[in-house]
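Below, each chain spelled out in residue letters.
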Amino acid sequence: MKPFAKRTNWEIGANALTLAVEAYRKSGKPFFDLIQSNPTHCQFDYLKPELLKNLEDERNLAYHPNPRGMLHARETIALYYENMGLSISPEQIFVTAGTSEAYSFVFRLLANPDDTVLAPQPSYPLLDYLAGLNDVKVIRYPLSLRAPQGRSNPGFEIASSSFRTPRNDREFKNPKAVMLIHPNNPTGNYVTKSELEFIRKFCRKTNAAVISDEVFLDFCFKETPEQAPSFAGEKEILTFTLSGISKILGLPQMKISWIVVNGPGDLVQEAMSRLEIIADTYLSVSTPSQNALEAWFEWHPAIQSEILERIFENRQFLAKHFPILEAEGGWYAMLQIPGAQSDEEITLKLLQEEDVFVHPGYFYETEGNYLILSLITAPEIFQEGVSRLKKLSF
Ligand SMILES: Cc1ncc(COP(=O)(O)O)c(C=O)c1O
């Protein structure tokens, strides 16, 4: 008997595509990585040594631990929301070392072992790991392809049947939280105002909280009047809004994210007191990054427009060659694969025959076959990779 916990019984190394990519990396043979979503590997101009000047700060010689994060860092985050027209008190903000840690804190706060949370399908592959590591079960609610409007291609939306028709499974009726990704990775759809209404209704009925992951909120390339604003302003339902500078400022290495707690006053107070003890147990956020946060946020408009310009350029290039699915925001594009070949077969073939790496939709639990591309990839790599993608008929 091995001494390991069941929650770590993963199928390590079983995936053919991961093995093939690993072999490529080891061989040193260059390949066109069209799913590169680490912004520090995408040749952005904003990554200048000037950003590091803010780390040379005498305040970094002292340690003043605060479970919610340093007050001036939280004030900077509150200002980010004020610029969106939302009044958030620094008291409602908990700084964390990454969004994954924020998810873990909220799962620990809300769920007992084997409790359930609802999450969109398709969506961010790490969710299952994050939930599993916290002994929480993920039940999927489907996103469906909406009918194309005018000359546009179809895009995703929360299937209206997901929350409206009563489902019989016990887990779906008693979830601890509804998870929203606003906008979703990889489908790029924001939660709409009407979706928000039926989610609120569902949460009122089930006492579920909302966890809204808004790391891509700022990367909106097609605003629609139906789009719901940030959930950090939610008043009715106990809500945990997660975000961070890994995407907003394209600085994942600096490890600053946060949770905003909002909703009915008494629940918010109690959630914050409990979260404070969870956060106090770890105190994992670095002092230098918190001290530099205000200065880094001064770069927000410049960083955002550089990343958005990249997204526009790549999206436009891709749309010239393929019918991409409609989306309103985020860092990804989806191509639907017609025909009999599976997304796994095509991604393997692309790597072996054309030296191009994309993700198959099944990584994100898509229904049907899709290829997923990152839109922040450096344009030369993106354009060459997409041209090679065209050579493979599918
Ligand atoms: C939806 C979503 N949330 C969170 C993250 C990760 O955020 P962090 O780097 O702050 O942990 C990602 C990364 O791709 C993501 O796609």
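Rules and cut-offs
Residues numbered from 1 in each chain as written. Predicted model: local features only at pLDDT ≥ 70, side-chain atom pairs only at ≥ 80, totals over all residues. Heavy atoms only, no water. Pairing = 2+ DSSP bridges. Helix = DSSP H or I, 4+ residues; strand = E, 2+ residues; numbered from the N terminus. Axes fitted to C-alpha atoms, helices over the stretch in contact; angles between N-to-C directions. Contact = heavy atoms within 4.5 Å. Near = heavy atom within 4 Å. Polar contact = N/O pair within 3.5 Å; in protein donor to acceptor, adjacent residues only side chain to side chain. Buried < 20%, exposed > 50% of the residue type's maximum accessible area, 1.4 Å probe, protein only. Expected span 1.5 Å × (residues − 1). Parallel < 35°, antiparallel > 145°, perpendicular 65-115°, else oblique. Left-handed = near helix turned anticlockwise from the far one by under 90°. Nonpolar A, V, L, I, M, F, W, Y, C, P; charged D, E, K, R; others polar.

Asks: Mind showing me how you'd approach the sheet that holds strand S3 (residues 116-121) here?
Replies: For sheets, the rule is that strands pair by backbone hydrogen bonds, running either parallel or antiparallel. Spatially, the eight strands line up as an open sheet ordered S2-S9-S8-S7-S6-S3-S4-S5, and their pairing is mixed. Two strands lie at the open edges of the sheet, namely strand S2 (93-96) and strand S5 (156-158), each paired on one side alone. Neighbour-to-neighbour, the strand axes of the sheet open up by a mean angle of 25°, direction not taken into account. Relative to strand S8 (residues 239-244), strand S7 (residues 209-213) runs parallel, the two being bridged by four bridges. In the strand pairing of S8, Val-210 is matched with Thr-239. Across the sheet, helix H5 (residues 126-133) touches S3, strand S4 (137-145) and strand S6 (177-181), and the angle it forms with S4 is around 160°.

Asks: What's the story with the site of the ligand in this structure? I'm lost.
Replies: The environment of the ligand is formed by Gly-98, Thr-99, Ser-100, Tyr-124, Ile-181, Asn-185, Asp-213, Val-215, Phe-216, Ser-246, Lys-247 and Ser-257. For the ligand, an oxygen atom lies 2.6 Å from a polar atom in the side chain of Thr-99. One of the backbone nitrogen or oxygen atoms of Ser-100 is found 3.4 Å away from an oxygen atom of the ligand. Looking at the shell around the ligand, the elements that each hand over two or more residues are helix H4 (99-110) and helix H9 (245-248).

Asks: What's the story with the pairing of S4 in this structure? I'm lost.
Replies: Here S3 runs beside S4; their pairing, made up of six bridges, is parallel. Each residue of the ladder has a partner; that of Ala-119, found in S4, is Arg-140. Pairing of S4 with S5 involves three bridges; the strand directions are antiparallel. What sits directly across from Ser-144, in S5, is Glu-157.

Asks: I keep staring at the environment of Leu-180 and nothing clicks. Help me out?
Replies: As for its position among the elements, Leu-180 is in strand S6. Judged by its relative accessible area of 1%, Leu-180 is buried. Each C-alpha atom, one on Leu-180 and one on Glu-214, is 8.4 Å from the other, the two residues being 34 residues apart in sequence. When near neighbours in sequence (up to four residues on either side) are disregarded, Leu-180 contacts Tyr-141, Val-191, Ile-199, Val-210, Ile-211, Ser-212, Asp-213 and Phe-231.

Asks: Quick question: what am I supposed to make of helix H12 (residues 300-321) here?
Replies: Think of an α-helix as turning once every 3.6 residues; residues three or four places apart then point the same way. In a regular helix each residue adds 1.5 Å, so 22 residues correspond to 32 Å; H12 covers 32 Å between its end C-alpha atoms and thus fits that length. Within H12, the full set of buried residues consists of His-300, Ile-303, Gln-304, Glu-306, Ile-307, Leu-308, Arg-310, Ile-311, Asn-314, Arg-315, Phe-317 and Leu-318.

Asks: How should I be thinking about the sheet that holds strand S10 (residues 332-336) in this particular structure?
Replies: In space, the three strands of this open sheet follow the order S10-S13-S12, with antiparallel pairing throughout. The open sheet has two free edges, formed respectively by S10 and strand S12 (359-360), since each of these has just one partner strand. Relative to strand S13 (residues 370-374), S10 is paired through five bridges, and the arrangement is antiparallel. Note on S13: the bridge partner recorded for Met-334 is Ile-372. Strands in contact with helix H13 (residues 343-354) are S12 and S13; relative to S13, the strand with the most contacts, it is inclined by about 50°.

Asks: Is there a simple way to think about the environment of Lys-349 in this case?
Replies: Looking at where Lys-349 falls in the secondary structure, it is placed in helix H13. It is 46 Å that separates the C-alpha atoms of Lys-349 and Thr-287, two residues lying 62 residues apart in sequence. The contact partners of Lys-349, leaving out residues within four places of it in the chain, are Gln-341, Glu-354 and Leu-392.

Asks: Looking at this structure, how should I read the packing of helix H3 (residues 71-82) against helix H11 (residues 287-297)?
Replies: Packed helix pairs are specified by the crossing angle of their axes together with the interaxial distance, meaning the distance between the axes. Orientation of H3 relative to H11, taken along the N-to-C sense of each, is 30°, at an axis distance of 8 Å. As summarised for this structure, H3 and H11 are arranged roughly parallel, according to the angle between their axes. When you trace H3 past H11, the crossing you get is left-handed. When H3 is examined against H11, the residues His-72, Ala-73, Thr-76, Ile-77 and Tyr-80 are found in contact with a partner set consisting of Gln-290, Asn-291, Leu-293, Glu-294 and Phe-297. Of the residues assigned to the contact of H3 with H11, the class counts are five nonpolar, four polar and one charged.

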